Amino acid sequence: MPPIPIKPGIYKIHAHIIGPSSLVTATEYAVKHGAPVIVDRFNPLPIEQEWIIEPAEPVPGSPYVIRLASHDAAGLVIADDKVFVNAVQRSELAKFTFEGVLGGVKILNEKGLALRAGHRGAQIEVVPPKPEFQETWTLEFVRPVDSE
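Positions within a chain are numbered from 1, following the residues in the order the chain's sequence is written. Residue-level local features of this predicted model are given only where pLDDT is at least 70; pairs of side-chain atoms are given and counted only at 80 or more, and the full residue set underlies all totals for whole chains, interfaces and linings. Processing note: side-chain calculations cover all non-hydrogen atoms of the structure and skip hydrogens and water entirely.

## Re the packing of aromatic side chains
- Each Phe, Tyr or Trp ring, with Trp reduced to its six-membered ring, pairs with another whose centre is within 6.5 Å; inter-plane angles below 30 degrees give stacked pairs, above 60 give edge-to-face pairs, and intermediate values give tilted ones. Counted by the stated rule, this structure contains two aromatic pairs.
- Between the aromatic rings of Y11 and F141, the centroid separation amounts to 5.3 Å while the plane-to-plane angle is 80°, which identifies the pairing as edge-to-face. Here the residue Y11 occupies a position in strand β1 (residues 9–15), and F141 occupies one in strand β12 (residues 137–143), the gap between them amounting to 130 residues.
- You can call Y11 buried: its relative accessible area is 5%.
- For every residue, the accessible area obtained with a 1.4 Å probe (protein chains only) is divided by the maximum for its type, and the residue is called buried under 20%, exposed over 50%, and partly exposed between those limits. For F141, a relative accessible area of 32% translates into the label partly exposed.
- For the pair Y64 and F98, a centre-to-centre distance of 5.5 Å together with 70° between the ring planes defines the contact as edge-to-face. With Y64 in strand β5 (residues 64–68) and F98 in strand β8 (residues 96–101), this residue pair connects regions lying 34 residues apart in the sequence.
- Accessibility expressed as a relative area gives 9% for Y64, which makes it buried. A helix here means a DSSP run of H or I that spans at least four residues, while a strand means a run of E at least two residues long, and both kinds are numbered starting from the N terminus.

The structure is reproduced here in structure tokens:
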């Protein structure tokens, strides 16, 4: 499927896994490549669960970067086929495209690997894409980037 455009803004990213609603969540404790990014239940404090999705470059058709809304220097990086959040140079952030799939979107990195949520509490991985619900995400638009 061809990539679909995403409106730049602040989002909550919902995983499609069995059980209660789960959101992409930055953890608190950094390891070698940054803080692991997991899926977890809704947190009433959104600082770990709201993400800025915006084009990596200001040109049409550019892939997107995903940054933590509460700490915009920190964004998603991929190491060892796992997803982390880390404060790195913008050029080092992982770049993503989005494809429409049944029930949501598939998030693909530059290598064409899909983000996958195995279960609540598990670190998000990148895997060869398959038509599985664990690779389907819902993007909930919260607000534009420049609004409070």
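## A few points about the side chain of K106
- Its location among the elements puts K106 in strand β9 (residues 104–109).
- A residue is classified by how much of its surface remains accessible, and K106, at 7% relative accessible area, is buried.
- Side-chain atoms alone can form a polar contact between residues adjacent in sequence; in general such a contact is a pair of N or O atoms within 3.5 Å, and within protein one must be able to donate a hydrogen while the other accepts it. Within the structure, K106 has its side chain in polar contact with the side chain of E135 (distance 2.8 Å).
- In this description, contact between two residues means that some pair of their heavy atoms is separated by no more than 4.5 Å. Non-local contacts of K106, meaning those with residues more than four positions away in its chain, are made with T97, F98, E99, V101, A114, P129, K130 and E135.

## Digging into the pattern of salt bridges
- Each salt bridge in this description consists of a side-chain nitrogen of Lys or Arg and a carboxyl oxygen of Asp or Glu lying within 4 Å of one another. In this structure the tally under the stated criterion is six salt bridges.
- E125 is paired through a salt bridge with K82; the nearest N and O atoms lie 3.4 Å apart. Of this pair, E125 sits in strand β11 (residues 125–127) while K82 sits in strand β7 (residues 82–87), and the two are 43 residues apart along the sequence.
- Here R116 makes a salt bridge to E132, at a shortest N to O gap of 3.4 Å. On the criterion of sequence distance, the pair formed by R116 in strand β10 (residues 114–116) and E132 in the loop between β11 and β12 is long-range, its members being 16 residues apart.
- Given the relative accessible area of 29%, E132 is considered partly exposed.

## A short note on the pairing of β9
- A large share of β9 lies buried, amounting to five of its six residues.
- The rule for pairing is simple: two strands pair if DSSP sees at least two bridges between them. By the bridge criterion, six bridges tie β8 to β9 in an arrangement that is antiparallel. Note on β9: the bridge partner recorded for E99 is K106.
- A loop of two residues connects β8 with β9, the two strands running antiparallel in sequence, and G103 in this loop sits at a positive phi of about 90°.

## So, the side chain of R67
- Within the element layout of this structure, R67 appears in strand β5.
- Under the relative-accessibility criterion, R67 is labelled buried at 10%.
- Reaching out from R67, the side chain makes a polar contact with the side chain of E54 at a distance of 2.7 Å.
- Non-local contacts of R67, meaning those with residues more than four positions away in its chain, are made with E50, W51, I52, E54, D72, A74, G75, R90 and L93.

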